[in-house]
Each structure stands twice: as structure tokens, then as C-alpha cells.
Amino acid sequence: MASSSDLSKQEATVIRKQNNRAPFKFLVPLVYAPVLPLIRIGLRKNPVLRDRLFTAVLAGAFAHGFYLVTDIYDVESK
């Protein structure tokens, strides 16, 4: 018969295998980071649209970062 410590080790191994992938929310900067210079380069002819779109994407990036930081602090405080 298996002891309780052996069962807890098996459960921990299963849990570790399930959490092997990175959460999607931490991979989002890999999408919008290359988009910022592409906006500046691609919309060189239309500076009004370029600046507005760049500002919107940058504000979204800061909002996403703020969300991640507050989410981490919320988890740590519990």
C-alpha cells in the first residue's frame, strides 16, 4: 500500500506537469512590442493617424502592464 507521502508526491508531479505552459497574459508584450515600431515606419506618410494609433497602442500596453502588476499584488495579498 502506498503511503500518504508517496501520493502527495504523485499529485505534486501531476500539478507541475499541468502548469508547464506560460500564461498567455505574459506573452502579450511579444505581440505589441514589434507593432510599435511598425506603426511608426508604416504610417510615415500620415502623421496624424500614426501618432493617434501609436498613442492608443502605447496606452494599451501601459494598461496591460498595470493590470499585470495589480493582479500579482492581489494574488500575493491573499
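Residues numbered from 1 in each chain as written. Predicted model: local features only at pLDDT ≥ 70, side-chain atom pairs only at ≥ 80, totals over all residues. Heavy atoms only, no water.

K.L.:
I keep staring at the overall build of the protein chain and nothing clicks. Help me out?
P.N.:
Counting its secondary structure elements, the protein chain contains three helices and zero strands. Helices (α) and strands (β) of the protein chain occur, in sequence order from the N terminus, as α-α-α. Here the protein chain holds 78 residues, and 10% of them are scored as buried. Of the roughly 6,700 Å² that the protein chain leaves accessible, carbon and sulfur atoms contribute 65%. (Helix = DSSP H or I, 4+ residues; strand = E, 2+ residues; numbered from the N terminus. Buried < 20%, exposed > 50% of the residue type's maximum accessible area, 1.4 Å probe, protein only. Areas by Shrake-Rupley, 256 points an atom, 1.4 Å probe, with all protein chains shown as cover.)

K.L.:
Just to check I follow, could you spell out the pattern of salt bridges for this structure?
P.N.:
Two side chains that carry opposite charge are able to pair once their charged atoms sit near each other. For the coordinates displayed, the defined rule picks out two salt bridges. The salt bridge involving R40 is made with D51; its shortest N-O contact spans 3.3 Å. On the criterion of sequence distance, the pair formed by R40 in helix α2 (residues 29-42) and D51 in helix α3 (residues 47-77) is long-range, its members being eleven residues apart. Two residues, D51 and R50, come together in a salt bridge whose shortest N-O distance is 3.3 Å. Note on D51: relative accessible area 34%, which makes it partly exposed. By relative accessible area, R50 is classed as buried at 16%. Among the ionic contacts, a cluster of salt bridges with common partners joins R40, R50 and D51. (Salt bridge = Lys/Arg side-chain N within 4 Å of Asp/Glu carboxyl O.)

K.L.:
In this structure, what is going on with the packing of aromatic side chains? I would like to understand it.
P.N.:
Two numbers describe a pair of aromatic rings. These are the distance of the centres and the angle of the planes. Enumeration over the complete set of coordinates arrives at zero aromatic pairs. The aromatic ring of F54 is capped on one face by R40, whose charged end is 4.9 Å from the ring centroid. (Phe/Tyr/Trp six-rings, centres within 6.5 Å; stacked < 30°, edge-to-face > 60°. Lys NZ or Arg CZ within 6 Å of the ring centre and 35° of its normal.)

K.L.:
Can you help me understand the nonpolar core in this one?
P.N.:
Side chains of a nonpolar character, in soluble globular proteins, are inclined to be buried together. Counting residues in hydrophobic clusters, the biggest one holds five residues: Y32, L36, I39, V57 and A61. Going through the elements one at a time, α2 and α3 are the ones with two or more residues in this core. Look past the residues within four positions of L36 in its chain and what remains in contact with it is F54, V57 and L58. (Core = buried A, V, L, I, M, F, W, Y, C linked by side-chain atoms within 4.5 Å. Contact = heavy atoms within 4.5 Å.)

It is worth stressing that arrangement in space is one thing and function is another; only the former is reported here.
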